Amino acid sequence: REEKQLELTLEALISQVADLKNSLVSFIYKLENEYDRLTWPSVLDSFALLSGQLNTLNKVLKHEKTPLLRNQVIIPLVLSPDRDEEIMRQTEGRVPVFSHEVVPDHLRTKPDPEVEEQEKQLITDAARISPDAAQKQIQSLNKMCSNLLEKISKEERESESGGLRQNKQTFNPADTNALVAAVAFGKGLSNRRPPGSGGSVQSGQSGAGAIIAGASGMQQGPMTGAPAQQQPMLAGVQMAPAGQPGKIPSGIKTNIKSASMHPYQR
């Protein structure tokens, strides 16, 4: 009866390990060949599948009808340094020979002494914790995880809002192009001038020069004689005759008498 039960347990374990191995092979293939188009949800799905298969394997090992495998002793009947094709087929090429070098690793029913000691220490520490203290530690751990998730979510929201602010357009390209065209080429500017302005810039400049010259001539010295045609004067400033282009016509006429005395002499 015990041998039959052990045989059924081994068959179940072999089936579970085969499923787990296939999932690992598929996941490793994705990581090595599909890494450029691999998404995070797909990776999480692969991890969830592996986690579920490991839990199922642990349930089989911890089942009440499963015999303690650590109490079973396996003795190799034949050890040879030569290549064994049957072992190559069963191990899918991982173990070419069944020699003294590989037997301690492949037929081990217990973990390494260091790992076993650490496992015992963890079991002892867990047994010392009371249920209330364990519940408090669970609540504290859940609170820390919640705070960490909240911070991560806040950082994601801030990064998304910052990206939206950076991508938001703060100017009108049409207005900018119109302003540059107006400053650089005068495009769109009005050709109208205020009333009373001269015809051209050069004419206005020559008229202004004549007015300044006349004013300075009046201040420098006396007149030697009355000219044949007097220029109209307004407030001591020579005015341009009417009809002359670029000059401002004046309707005020002032007669200036010839005198040999200086204008500032009394």
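Residues numbered from 1 in each chain as written. Predicted model: local features only at pLDDT ≥ 70, side-chain atom pairs only at ≥ 80, totals over all residues. Heavy atoms only, no water.

The name an unreviewed UniProt entry assigns to the protein chain is Mediator of RNA polymerase II transcription subunit 8, from the organism Acanthisitta chloris. According to the UniProt record, the Sequence similarities (unreviewed entry) comment for the protein chain reads "Belongs to the Mediator complex subunit 8 family." You can read under Subunit (unreviewed entry) in the UniProt record for the protein chain the words "Component of the Mediator complex." (UniProt positions renumbered as here; feature names shortened; annotations may be inferred.)

Enquirer: When you look at the overall build of the protein chain in this model, what are you seeing that I'm missing?
Expert: Summing up its helical and strand segments, the protein chain has eight helices and two strands in all. Looking at the 266 residues of the protein chain, the share that counts as buried comes to 12%. A separation of at least 24 residues holds for 50% of the contacts in the protein chain among residues at least 6 apart in sequence. (Helix = DSSP H or I, 4+ residues; strand = E, 2+ residues; numbered from the N terminus. Buried < 20%, exposed > 50% of the residue type's maximum accessible area, 1.4 Å probe, protein only. Contact = heavy atoms within 4.5 Å.)

Enquirer: I'm lost on the packing of helix α1 (residues 2-33) against helix α2 (residues 40-62) in this one. Help?
Expert: Viewed as axis vectors pointing N to C, α1 and α2 meet at an angle of 165°, and their least axial separation amounts to 10 Å. Classified by the angle between their axes, α1 and α2 sit roughly antiparallel to one another. Here the hand of the crossing between α1 and α2 comes out left-handed. Residues A12, L13, Q16, V17, D19, L20, S23, L24, F27 and K30 of α1 form the contact with α2, whose own contacting residues are S42, V43, S46, F47, L49, L50, Q53, L54, T56, L57, V60 and L61. Here the contact of α1 with α2 is built from residues that sort into 14 nonpolar, six polar and two charged. (Axes fitted to C-alpha atoms, helices over the stretch in contact; angles between N-to-C directions. Parallel < 35°, antiparallel > 145°, perpendicular 65-115°, else oblique. Left-handed = near helix turned anticlockwise from the far one by under 90°. Nonpolar A, V, L, I, M, F, W, Y, C, P; charged D, E, K, R; others polar.)

Enquirer: Would you mind going over the packing of aromatic side chains with me for this structure?
Expert: Aromatic rings in a pair are described by how distant their centres are and how their planes are angled relative to each other. According to the stated counting rule, one finds one aromatic pair in the structure shown. Seen from their ring centres, F27 and F47 are 5.3 Å apart, and the 65° between their planes marks the pair as edge-to-face. Of this pair, F27 sits in helix α1 while F47 sits in helix α2, and the two are 20 residues apart along the sequence. The exposure class assigned to F27 is buried, which follows from its relative accessible area of 11%. (Phe/Tyr/Trp six-rings, centres within 6.5 Å; stacked < 30°, edge-to-face > 60°.)

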